[in-house]
Amino acid sequence: MVYKFRVILDAEDDVFRDIAILEDDSLEDLHNAIVNAFGFDGMEIASFYTCDNQWNQEDEISLFDTGDIAGEQKIMSDYQLSEILNKGNTKIIYVYDFLNMWTFLVELAAIEDVVAGETYPETIFSHGEMPMDAPEKDFEADMKDDIYGDFEDDFDEEDLDMLDGGENFEDYGFEENWN
């Protein structure tokens, strides 16, 4: 069978590629197809991340073994596409070049029969121009509200003043030239 993926650059402008690849090819083969489809040089590290239906990132599957014990961690070449993706689980996240964080949403759009004479993987459709630089990511989100609640509203600088009340560092057991 042939898996047909839509690979979308996570950006404001619509930039995507449709890729056809065999179901028993590896995640590394899909990585190479994405690199070629988007015109990268392939010299940077990359990872896939499993995710839920709302694109919430879960487990990392890296290009290289980055674990503490060699061979203990499974990598892209260890997974066939059909092991990770199917009709019930159609989404995966791909990140290329961790310095620039090119992030792609990869979705299995169709599973079809192999067409005789076709070579796979193949970029079957391209839309949009790749920007020169990776899109900026907003990592702030709404964490302040989720983690800190109303802390910022109740914050008073006097709460953090260790020297308030005439104390000095000698009271804490520090000497002036401690090193």
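Section: the pattern of salt bridges
Close approach of charged atoms allows side chains with opposite charge to pair.
Thinking step 1. Evaluated as defined, the whole model comprises two salt bridges.
Thinking step 2. With a shortest N-O distance of 2.7 Å, Lys4 and Glu112 are connected by a salt bridge. Of this pair, Lys4 sits in strand S1 (residues 2-9) while Glu112 sits in strand S6 (residues 102-112), and the two are 108 residues apart along the sequence.
Thinking step 3. The exposure class of Glu112 is partly exposed, given its relative accessible area of 33%.

Let's talk about the pairing of strand S2 (residues 16-22)
Thinking step 1. Summarising burial for S2: six of the seven residues are buried, a large majority.
Thinking step 2. Two elements, S1 and S2, share seven bridges in a ladder whose sense is antiparallel. Looking at the pairing, Lys4 lines up with Ala20 of S2.
Thinking step 3. Between the antiparallel neighbours S1 and S2 lie six residues.
Thinking step 4. Here S2 pairs with strand S7 (residues 122-127) via five bridges, running antiparallel. The residue of S7 that forms the bridge with Phe16 is His127.

Considering the packing of aromatic side chains
Any pair of aromatic rings gets described here by the distance separating the centres and the angle formed by the planes.
Thinking step 1. Taken as a whole, this structure holds eight aromatic pairs when the rule is applied.
Thinking step 2. A centroid spacing of 4.9 Å and a plane angle of 45 degrees characterise the contact between Phe48 and Tyr94, whose relative ring orientation is tilted. Of the two residues, Phe48 sits in strand S3 (residues 46-51) while Tyr94 sits in strand S5 (residues 91-96), which places them 46 residues apart along the sequence.
Thinking step 3. On the basis of relative accessibility, which here comes to 0%, the residue Phe48 falls in the buried class.
Thinking step 4. Classification of Tyr94 as buried rests on a relative accessible area of 0%.

Remarks on the nonpolar core
Thinking step 1. Counting residues in each nonpolar core, the largest one holds 32 residues, and the members touching the most others are Phe5 and Leu27.
Thinking step 2. Counting residues per element, the ones that place at least two in this core are S1, S2, helix H1 (27-38), S3, helix H2 (81-84), S5 and S6.
Thinking step 3. No other element matches H1, which puts seven residues into this core.
Thinking step 4. Leu27 has contacts with Phe48, Ile61, Met76, Tyr79, Leu81, Ile84 and Ile92, leaving out every residue within four places of it along the chain.

Calculation criteria
Within every chain, residues take consecutive numbers counted from 1 along the sequence as written. In keeping with the model being predicted, local features are shown solely for residues with a pLDDT of at least 70 and side-chain atom pairs are shown and tallied solely at 80 or more, while totals for entire chains, interfaces and linings include all residues. Values shown for side chains rest on all heavy atoms present in the structure; no hydrogens or waters enter the calculation. Salt bridges, as used here, are contacts in which a Lys or Arg side-chain nitrogen is within 4 Å of a carboxyl oxygen on Asp or Glu. Counting from the N terminus, the helices are the DSSP runs of H or I reaching at least four residues and the strands are the DSSP runs of E reaching at least two. Classification of residues uses two cut-offs on accessible area relative to the type maximum, computed with a 1.4 Å probe and protein chains only: under 20% is buried, over 50% is exposed, and between them is partly exposed. Paired strands, in this sense, are two strands between which DSSP finds at least two bridges. Planes of paired rings set the category: under 30 degrees apart is stacked, over 60 is edge-to-face and the rest tilted, where pairs are Phe, Tyr or Trp rings (Trp by its six-membered ring) whose centres lie within 6.5 Å. Here the nonpolar core consists of buried residues drawn from Ala, Val, Leu, Ile, Met, Phe, Trp, Tyr and Cys, with membership extended through side-chain atoms lying within 4.5 Å. Here, residues are in contact when the closest pair of their heavy atoms is within 4.5 Å.

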